[in-house]
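What follows is each chain in one-letter form.
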Amino acid sequence: MIRSVAQSPDNPEAEAFPSFEPAPRVARAGHGRVAPYLEGLNPEQRAAVEALDGPVLVLAGAGVGKTRVLTTRIAHLIASGRARPHEILAVTFTNKAAREMRERVSLFTGSHQGMPWLGTFHSIGVKILRMHAELVGLRPNFTILDTDDQLRLIKQILQAENLDDKRWPPRALASLIDGWKNRGLDPAHVSAGESSAFAGGRGAALYAAYQARLKTLNAVDFGDLLLEALRLFRENADVLAAFQSRFRYILVDEYQDTNAVQYLWLRLLAQGRGNVCCVGDDDQSIYGWRGADVDNILRFEKDFPGARVIRLERNYRSGGHILAVAAGLIAHNQGRLGKTLFTDAPLGDRPTVIGVWDSQEEARVVGDAIEDAQRHGVSLDDVAILVRASSQMREFEERFIAMGLPYKVIGGPRFYERAEIRDALAYLRCVAQPDDDLAFERIYNQPKRGLGDATLAILHEFGRRAGVSLMRAAQMLIETEELKARPRQLLRDLLLSFDRWRKAAEEIPHEEAAQLVLEESGYIDMWKAERTPDAAGRLDNLKELVRSMGGFPDLGAFLEHVSLVMDVESADAGQRVSIMTLHAAKGLEFDLVFLPGWEEGLFPNQRALDDNGRAGLEEERRLAYVGLTRARRTAKIYHAANRRMRGLWQSSAPSRFIDELPPDHIAVEETEGAAAFGGYGVSRFDAAGFGGRYETPGSRRAEVFRQRGDGSGFGRAAAGRSFDGKAVVRAAPASGFEEGARVFHVKFGPGSVVSADGPKLTIDFDKAGRKLVMESFVTAEP
DNA sequence: ACCCTCGCATTTTTT
DNA sequence: ATGCGAGGGT
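What counts as what
Residues numbered from 1 in each chain as written. Chains lettered and ligands numbered in written order. Predicted model: local features only at pLDDT ≥ 70, side-chain atom pairs only at ≥ 80, totals over all residues. Heavy atoms only, no water. UniProt positions renumbered as here; feature names shortened; annotations may be inferred. Near = heavy atom within 4 Å. Nonpolar A, V, L, I, M, F, W, Y, C, P; charged D, E, K, R; others polar. Axes fitted to C-alpha atoms, helices over the stretch in contact; angles between N-to-C directions. Helix = DSSP H or I, 4+ residues; strand = E, 2+ residues; numbered from the N terminus. Parallel < 35°, antiparallel > 145°, perpendicular 65-115°, else oblique. Left-handed = near helix turned anticlockwise from the far one by under 90°. Contact = heavy atoms within 4.5 Å. Buried < 20%, exposed > 50% of the residue type's maximum accessible area, 1.4 Å probe, protein only. Phe/Tyr/Trp six-rings, centres within 6.5 Å; stacked < 30°, edge-to-face > 60°. Lys NZ or Arg CZ within 6 Å of the ring centre and 35° of its normal. Expected span 1.5 Å × (residues − 1). Polar contact = N/O pair within 3.5 Å; in protein donor to acceptor, adjacent residues only side chain to side chain. Pairing = 2+ DSSP bridges.

As annotated in an unreviewed UniProt entry, chain A carries the name DNA 3'-5' helicase and comes from Roseiarcus fermentans. The record in UniProt for chain A states the following under Function (unreviewed entry): "Has both ATPase and helicase activities. Unwinds DNA duplexes with 3' to 5' polarity with respect to the bound strand and initiates unwinding most effectively when a single-stranded region is present. Involved in the post-incision events of nucleotide excision repair and methyl-directed mismatch repair."

Structural data, given as structure tokens:
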């Protein structure tokens, strides 16, 4: 609810966030005076900072100063003498969040005092596993496989089992294993029922084979970083006890995103001192599809009896209308902890719902709106387009290129996932860890050096029987007659090179060694010789890779960083509009937010509904909530009556979420294209005998669902009103017009057809000039 | 070893 | 539509 609309001059967030410098001096708390870092917190924030002991759940809605509370809490723990930095465990999900927290904590504590146990779940998992690797059957220098390696390994296992990879795709097994690991299941605990989901009941056995293979490779995948850490604690009470007493205080960020393993792992640790503080927002739980379990946060008070729950509901980001709309929408979800954002800020702009004719018009009007905002002094950096699916991005990109509007796409393919970077890293891995078979396989004939599958098969076979890695197998085989002369020589050359590179790595700075490896191996030359347009970019990436190694003490540290971080910070110059998915937008904020594609099927996404029923719908709704709450000043929602999906045009109904927005807080607009259609086009259809159905979005949706006959559970009456007459949805009549045909358009008058593209006609109108119009608006000239 | 064609899927993504 | 991967042909 909007509690007050008076403008507050002392918005603590607005003042304290951008200007943290100079770093507040850490004063001793508890001398009667309030420690300076506590000043400027609102009462709830302050309660969340000061409730140090016992379990605490901080329900932090969007834009309530969550990060500030977390970092201040850490500062308070240290300043009050409750814990020293190395006695605090602070976990986040993303590297970005960890980095941000580390930076802000260091402003309080002074940069010399690091927080060794502040990091992502995975990085902390690695750290703990390296300390006790042997207890889970690994050597301390184990390698961390990325998804690519993981998949290739699974492929090999399926091949060894003679499974048809058409029928049983490796990807499917990979995601099953991933899911099992997310839920804390090792192969022995996978139920027969679940196991039957793959290769006729062999799922669990294949999982076991995969785990065994990882162990022989001395490797772990991402899931293991959590699962093995859990196993370590479960099977070694002494190790667990040591960590329980080490971590006097535990903080968890984004608790709503935790999965089962993370939860179990945390719970074990928290059972020690009991000082666990989880911060999260059940309304922003949008990662259920990758194992996050909202129930963890919903169950917190049960899991941790006597837990204190603190709600942060004072929002410092958005105007009152935006918050009211977001609140009205999310209120349609059941199973929430319940929390309503409010603000002292003015009501501000009403979120606008805009109906457009099709996705091209959508891109056009969004582009125009951005240019308009730009003219009014809005920086492009403060503008974002948040889409449900990345396939929606293309149309915006095309339009923005055409109009010369600078943009950036957030969350495309990541740096360390590029093929050339993976290849280069594979070389470095082979240098650092000669037994890294997956790395060796990747580069042993890359660039082409005449070593083919046949030789590799021999190495595999020999290595397997001798129980040694591929590199060692190669070393042994070049001494014998097993291999034909030519491959033997080629292999010998390669091994000699690696010996040389390893020596170099010890003697010269590692980035120079890396450069040497990439040059001498012919890898750089391979790309230089390639004359495809993207080769230059790849060479740049390789340069960037080598350059980025400079910041690390040695090759091993660099490789560890890479496997955990998987991305580099990119510095980009100039103002740009951001285009990203709603998922990628979580945690960000913009003055002006565009939310296109609010149509049934796309958003809420049909697949989410089909796969997960009401839970899926509610997660979609949370996604909508996340999108709306990104906006500081203005949110614009679009729905198109027609959209090209998978190559063909489909008509679509406005999203049910639009009906759920509180009508008093939104504004409704429609563009000419949509208006003409819904407006006086209808009577023409009637006259023309098309039997034009005049429908509300709601009735149309009802019909769509009736036809579909699904049971996804959307019987609930729409809470809002519908926007009558705004978007009539109809399939385009089938008949066509010949090129050159004389036609009459309700708005543009007479003209001649130039060309047709499906239901869209390009027409030279006698008076209005050339226009692209929908066929359904024209009739043959009388 | 390379190229071409065919078939297939196509929500969201971190570590 | 489009792009990616596998498989087959040259």
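Resuming the write-up.
Caption draft 1: Quick look at the protein's contact with DNA strand C. Around DNA strand C, the neighbouring residues are Lys 155, Lys 166, Arg 394, Arg 646 and Gly 647. Each atom of DNA strand C within 4 Å of the protein belongs either to a base or to sugar and phosphate, the latter forming 75%. Class assignment for the residues of the surface near DNA strand C results in no nonpolar, 1 polar and 4 charged.

Caption draft 2: Region of the structure containing the packing of helix α5 (residues 121-131) against helix α12 (residues 260-273). Two numbers describe how α5 lies on α12: the axes approach to 12 Å, and their chain directions differ by 55°. With respect to each other, α5 and α12 are oriented oblique. Crossing of α5 over α12 shows left-handed handedness. Residues Phe 121, His 122, Ile 124 and Ile 128 of α5 lie in contact with α12, whose contacting residues are Gln 262, Trp 265 and Leu 266.

Caption draft 3: Broad picture of the UniProt feature "binding site: ATP" (unreviewed entry) in chain A. The feature "binding site: ATP" (unreviewed entry), as given by UniProt, occupies Ala 60, Gly 61, Ala 62, Gly 63, Val 64, Gly 65, Lys 66 and Thr 67 in the numbering adopted here. You can see Ala 62 is positioned in the loop between β1 (56-60) and α3 (66-79). Residue class for Ala 62 comes out buried when judged on its relative accessible area of 2%. Setting aside chain neighbours within four positions, we find Ala 62 in contact with Asp 281, Gln 284, Asn 315, Arg 317, Leu 341, Thr 629 and Arg 630. With respect to the helices and strands, the residue Val 64 is situated in the loop between β1 and α3. Those residues in contact with Val 64, other than ones at most four positions away along the chain, are Gln 45, Leu 312, Glu 313, Arg 314, Asn 315, Tyr 316 and Leu 341.

Caption draft 4: Here's a closer look at the packing of aromatic side chains. A complete count under the given rule lists 27 aromatic pairs for this structure. An angle of 80° between the planes, with centres 6.4 Å apart, marks the rings of Tyr 523 and Trp 527 as edge-to-face. One end of the pair is Tyr 523 and the other is Trp 527, both in helix α24 (residues 523-529) and 4 residues apart, which spans about a single turn. Among the aromatic residues, those joined into a cluster by ring pairs are Phe 93, Trp 117, Phe 121, Phe 233, Phe 243, Phe 247 and Trp 265. The cationic tip of Arg 290 hangs over the ring face of Tyr 287; the distance from NZ or CZ to the ring centre is 3.6 Å. Seen from the ring of Trp 289, Arg 290 lies directly overhead, with NZ or CZ sitting 5.8 Å from the centre.

Caption draft 5: Representation of helix α16 (residues 359-375) within the structure. Taking 1.5 Å per residue as the helical rise, α16 with its 17 residues ought to reach 24 Å, and the 24 Å between its terminal C-alpha atoms agrees with that figure. Considered for burial, the residues of α16 that qualify are Ser 359, Glu 361, Glu 362, Ala 363, Val 365, Val 366, Gly 367, Ala 369, Ile 370 and Ala 373. A side-chain oxygen of the first residue of α16 lies 3.1 Å from the backbone nitrogen of Gln 360; this N-cap is Asp 358. Immediately beyond the C-terminal end of α16, within one or two residues, lies Gly 377, with a positive phi of roughly 90°.

Caption draft 6: Up close: the protein's contact with DNA strand B. In the vicinity of DNA strand B, 22 residues are found, and the nearest of them are Asn 95, Arg 388, Ser 390, Thr 581 and Arg 607. The separation between a phosphate oxygen of DNA strand B and a polar side-chain atom of Arg 414 is 3.5 Å. Leu 564 is positioned such that a nitrogen or oxygen atom in its backbone is 3.5 Å from a sugar or linking oxygen of DNA strand B. Each residue belonging to the surface near DNA strand B can be placed in one class, and the counts come to 6 nonpolar, 9 polar and 7 charged.

Caption draft 7: Structural view of the packing of α16 against helix α17 (residues 393-403). One way to put it is that α16 packs onto α17 with a least axis distance of 9 Å and a crossing angle of 50°. Taken together, the axis directions place α16 and α17 in an arrangement best described as oblique. In this structure, α16 crosses over α17, and the sense of that crossing is right-handed. Contacts between α16 and α17 involve Ser 359, Gln 360, Glu 362, Ala 363, Arg 364, Val 366, Gly 367, Asp 368, Ile 370 and Glu 371 from the former and Glu 395, Phe 396, Arg 399, Phe 400 and Met 403 from the latter. The residue inventory of the contact of α16 with α17, partitioned by class, reads 6 nonpolar, 3 polar and 6 charged.

Caption draft 8: Just the environment of Pro 170, in detail. Of note, Pro 170 is situated in helix α7 (residues 170-182). Distance from Pro 170 to Gln 156, taken between C-alpha atoms, is 9.1 Å for residues 14 residues apart in sequence. Not counting chain neighbours up to four residues away, the residues in contact with Pro 170 comprise Leu 151, Ile 154, Lys 155, Leu 158 and Asp 165.

Caption draft 9: Examining the sheet that holds strand β3 (residues 118-120) more closely. Within the open sheet, the 6 strands sit side by side as β3-β2-β6-β7-β1-β8. Their pairing is parallel. Of all the strands in the sheet, the pair left with one neighbour each is β3 and β8 (308-312). Neighbour-to-neighbour, the strand axes of this sheet turn through a mean angle of 15°, independent of strand direction. Inspection of the sheet shows β1 paired to strand β7 (residues 276-280) by 4 bridges, in the parallel sense. Bridging across to β7, Val 56 finds its partner in Cys 277. Contacts from α12 reach β2 (88-92), β6 (249-252) and β7, with the element oriented near 155° to β6.

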